[in-house]
Structure formats: structure tokens, C-alpha cells
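Each chain, written out:
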Amino acid sequence: MKQKLITFITGFIIYGLLFGVLMYTDHNLKVATEQGLFFGTFMGLFDTFILPKINVYFANRNKKQ
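Attention here is on the structure that accompanies the text. (Residues numbered from 1 in each chain as written. Predicted model: local features only at pLDDT ≥ 70, side-chain atom pairs only at ≥ 80, totals over all residues. Heavy atoms only, no water.)

Looking now at the overall build of the protein. Helix and strand counts for the protein come out as 2 helices and 0 strands. Taking 2.2 N^0.38 as the reference for a compact globule, 65 residues should give roughly 11 Å; the C-alpha atoms of the protein span a radius of gyration of 15 Å, well beyond that estimate. Projected onto its principal axes, the C-alpha positions of the protein cover 50 × 25 × 10 Å. A total of 65 residues make up the protein; the buried ones form 14% of that total. Put simply, of all contacts in the protein between residues at least 6 apart along the chain, 67% involve residues at least 24 apart. (Helix = DSSP H or I, 4+ residues; strand = E, 2+ residues; numbered from the N terminus. Rg over C-alpha atoms; globule rule 2.2 N^0.38 Å. Buried < 20%, exposed > 50% of the residue type's maximum accessible area, 1.4 Å probe, protein only. Contact = heavy atoms within 4.5 Å.)

Quick look at the structure:
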């Protein structure tokens, strides 16, 4: 559980921050912050719960061949 929380927080910060910085091109800080939080949340969840299952699937698939 602690590892999942750390994975979520790092994914949230990295993805959210990068996306927010990229969206700040029109100099609207409020919109860039909202979009960064939204994108960071969902990418953090993806990185925590879905990506490990994808990696296990492809690791097992490569072992069979």
C-alpha cells in the first residue's frame, strides 16, 4: 500500500507538473493548473493500477513464445 501511494504521488507530480507547464503557453495560470491536476490525477492512477497489469501481461506473453 505504501509503494502504491508513493507511485501515485510521483506520477501525479511528474505528469501533472509537466502537462501544466506545457499548457501554460497562453499565460492562463488557473486553466493550466486545473488541467495539470486533472491530467496528473488520472495518469497517477494509470501508473499505479493499470500499467503494472499491462507489464505482467506482456512479460507472461513473452515467456510463452
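A word on helix H1 (residues 2-23). Between its first and last C-alpha, H1 extends 31 Å over 22 residues, near the 32 Å set by a 1.5 Å rise per residue. Within H1 the residues assigned to the buried category are Gly11, Gly16 and Gly20. Within H1, the buried residues cover an arc of 135 degrees as seen down the axis, which keeps them to one side. Looking at H1, the residues exposed on the side facing more than 90 degrees away from the buried face are Lys2, Gln3, Leu17, Leu18, Val21 and Leu22. For H1, the secondary structure elements touched by its buried residues are helix H2 (29-64). (Expected span 1.5 Å × (residues − 1). Arc of directions from axis to C-beta.)

Over its 36 residues, H2 extends 50 Å from the first C-alpha to the last, a length consistent with the 52 Å expected when each residue adds 1.5 Å. At Ile50, H2 shows its maximal bend, which comes to roughly 40 degrees, and the proline Pro52 appears one to four places after that position. All of the buried residues in H2 are Ala32, Gly36, Gly40, Gly44, Asp47 and Thr48. Taken together, the buried residues of H2 touch H1. (Bend = angle between axes of the 7 residues up to and from the residue.)

Bringing the packing of aromatic side chains into the picture now. Enumeration over the complete set of coordinates arrives at 4 aromatic pairs. Aromatic side chains Phe8 and Phe12 sit 6.1 Å apart centroid to centroid with 20 degrees between the ring planes, which places their arrangement in the stacked category. Note that Phe8 and Phe12 are positioned in helix H1 at a spacing of 4 residues, about one turn of the helix. Note on Phe8: relative accessible area 23%, which makes it partly exposed. Centre to centre, the rings of Phe19 and Phe39 are 4.4 Å apart; their planes meet at 25 degrees, and the pair counts as stacked. Pair noted here: Phe19 is in helix H1 and Phe39 is in helix H2, with a separation of 20 residues, a long-range link. Classification of Phe19 by relative accessible area gives partly exposed; the value is 24%. Residue classification places Phe39 among the partly exposed residues on the basis of a relative accessible area of 31%. (Phe/Tyr/Trp six-rings, centres within 6.5 Å; stacked < 30°, edge-to-face > 60°.)

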